[in-house]
Amino acid sequence: MSKPQDGFVSRFLNRPISSRITRLLVKFPIHPSALTASIFLLPIIAAVFLVRGDYLSVLFGAAIFQLFSILDGCDGEIARAKNLESKFGERLDNLCDFLGSLIYVLTLGTGLNHFKEGVVCAVLITANELVLRWGTGAKRVDSEDFHESFYARHHGMIGHSGLLNFGERFVWWLFQLTKRDVAIFVFLILALLNLPIWILHLWTIAAGASLVISAIATARASTSASDARASSDNRDFGSQPEMDV
């Protein structure tokens, strides 16, 4: 039931747990999208703890988000098991993940008296998501195995940003170490170590760096598209028959 896009934590921790839960859930008439919506209650519950800001509350909140990360795999597993995969389900799942991230940083920032940093982080996450979806364009990389390791919204970012100049292995590790499942688990460890402020710091840095890379990819994609249109126009102009005057 795993996916090629799974990160390390999802592959070795989350999936082994979620797949066992899914084997029980598929016995019931549960639609994947209904499960997606229902488990979104977890980030809301976590927010109640995170906004308090003390050690145990932040730890409980981070643990609930880790549980959300685990259960977040069940809807897709059910969809694949019952052949119910759909674009709507994918969009709903992405929306819940996105809103969950905003809830995490805003309530944690409030609880730690770093609300401004939480807002900045939320703005960077939102801007990056918008650019990833509508700005970078599609560009497939050469290696099929490498291509399958990333979600569709990252293809244009990787293809147009110039990251591949550092090599496929570098890009693969960079994305593996910053995937959502890995990040949520690392945040739980930071909460356990009583370093919750570093959750905000690292998330802000990662979101900012990702936005810069996405913006570069968008600019280069736009330039490539403009050059392609100009080249096409020139070819069309040159192919027109001469008119007798």
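Calculation notes
Residues numbered from 1 in each chain as written. Predicted model: local features only at pLDDT ≥ 70, side-chain atom pairs only at ≥ 80, totals over all residues. Heavy atoms only, no water. Helix = DSSP H or I, 4+ residues; strand = E, 2+ residues; numbered from the N terminus. Contact = heavy atoms within 4.5 Å. Areas by Shrake-Rupley, 256 points an atom, 1.4 Å probe, with all protein chains shown as cover. Phe/Tyr/Trp six-rings, centres within 6.5 Å; stacked < 30°, edge-to-face > 60°. Expected span 1.5 Å × (residues − 1). Salt bridge = Lys/Arg side-chain N within 4 Å of Asp/Glu carboxyl O. Buried < 20%, exposed > 50% of the residue type's maximum accessible area, 1.4 Å probe, protein only. Axes fitted to C-alpha atoms, helices over the stretch in contact; angles between N-to-C directions. Parallel < 35°, antiparallel > 145°, perpendicular 65-115°, else oblique. Left-handed = near helix turned anticlockwise from the far one by under 90°. Nonpolar A, V, L, I, M, F, W, Y, C, P; charged D, E, K, R; others polar. Core = buried A, V, L, I, M, F, W, Y, C linked by side-chain atoms within 4.5 Å.

Let us look at the overall build of the chain. For the chain, the helix and strand inventory stands at 11 helices and 0 strands. Secondary structure elements in the chain, listed N-terminal to C-terminal, are α-α-α-α-α-α-α-α-α-α-α. In the chain, once contacts between residues fewer than 6 apart in sequence are set aside, the share between residues at least 24 apart is 71%. Put simply, the chain shows about 13700 Å² of open surface, and 66% of that area lies on carbon and sulfur atoms.

Given two aromatic rings, their pairing is described by the distance between the two centres and the angle made by the two planes. Taken as a whole and judged by the stated rule, the model has 10 aromatic pairs. Each ring, one from Tyr104 and one from Trp203, has its centre 5.4 Å from the other, and the planes form 75°; the classification is edge-to-face. One end of the pair, Tyr104, is in helix H5 (residues 87-111); the other, Trp203, is in helix H11 (residues 197-238), with 99 residues separating them in the sequence. Here the aromatic cluster, defined as three or more aromatic residues joined through ring pairs, consists of Phe65, Phe68, Tyr104, Phe187 and Trp203.

For H5, spanning 25 residues, the distance from its first C-alpha to its last is 36 Å, which sits close to the expected 36 Å at 1.5 Å a residue. Where H5 ends, the next residue or the one after it, Asn113, has phi of about 60°, a positive value.

So, on to the pattern of salt bridges. One pass over the structure, following the stated rule, counts 3 salt bridges. The salt bridge involving Arg15 is made with Asp6; its shortest N-O contact spans 2.8 Å. For Asp6, a relative accessible area of 3% puts it in the buried group. The partner of Glu77 in a salt bridge is Arg15, with the nearest N and O atoms 2.8 Å apart. Taken together, the residues Glu77 in helix H4 (residues 55-81) and Arg15 in helix H1 (residues 8-25) connect sequence positions 62 residues apart. On the basis of relative accessibility, which here comes to 1%, the residue Glu77 falls in the buried class. Since its relative accessible area comes to 9%, Arg15 is described here as buried. Each of Asp6, Arg15 and Glu77 takes part in one network of salt bridges that share partners.

Helix packing geometry: the angle between the two helix axes and the distance between the axes. Look at H5 against helix H6 (residues 115-134): their axes get within 6 Å of each other, and the N-to-C directions meet at 160°. On the basis of their axis angle, the class for H5 and H6 is roughly antiparallel. Viewed along their axes, H5 and H6 form a crossing whose handedness is right-handed. Two secondary-structure elements touch here, H5 through Asn94, Phe98, Ser101, Leu102, Val105, Leu106, Gly109 and Thr110 and H6 through Phe115, Gly118, Val119, Cys121, Ala122, Ile125, Thr126, Glu129 and Arg133. By residue class, the composition of the contact of H5 with H6 is 9 nonpolar, 6 polar and 2 charged.

Take the nonpolar core next. If you look at the biggest cluster of nonpolar residues, it comprises 35 residues, and the most contacted ones within it are Tyr104, Leu108, Ile125, Ile199 and Trp203. In terms of residues, this core owes the most to one element, H4, which gives 9 residues. Apart from residues lying up to four places away in sequence, Ile199 is in contact with Tyr104, Leu108, Phe187, Leu190 and Ala191. Core analysis: the next-biggest nonpolar cluster, separate from the first, contains 7 residues, Met157, Ile158, Leu163 and Phe175 among them.

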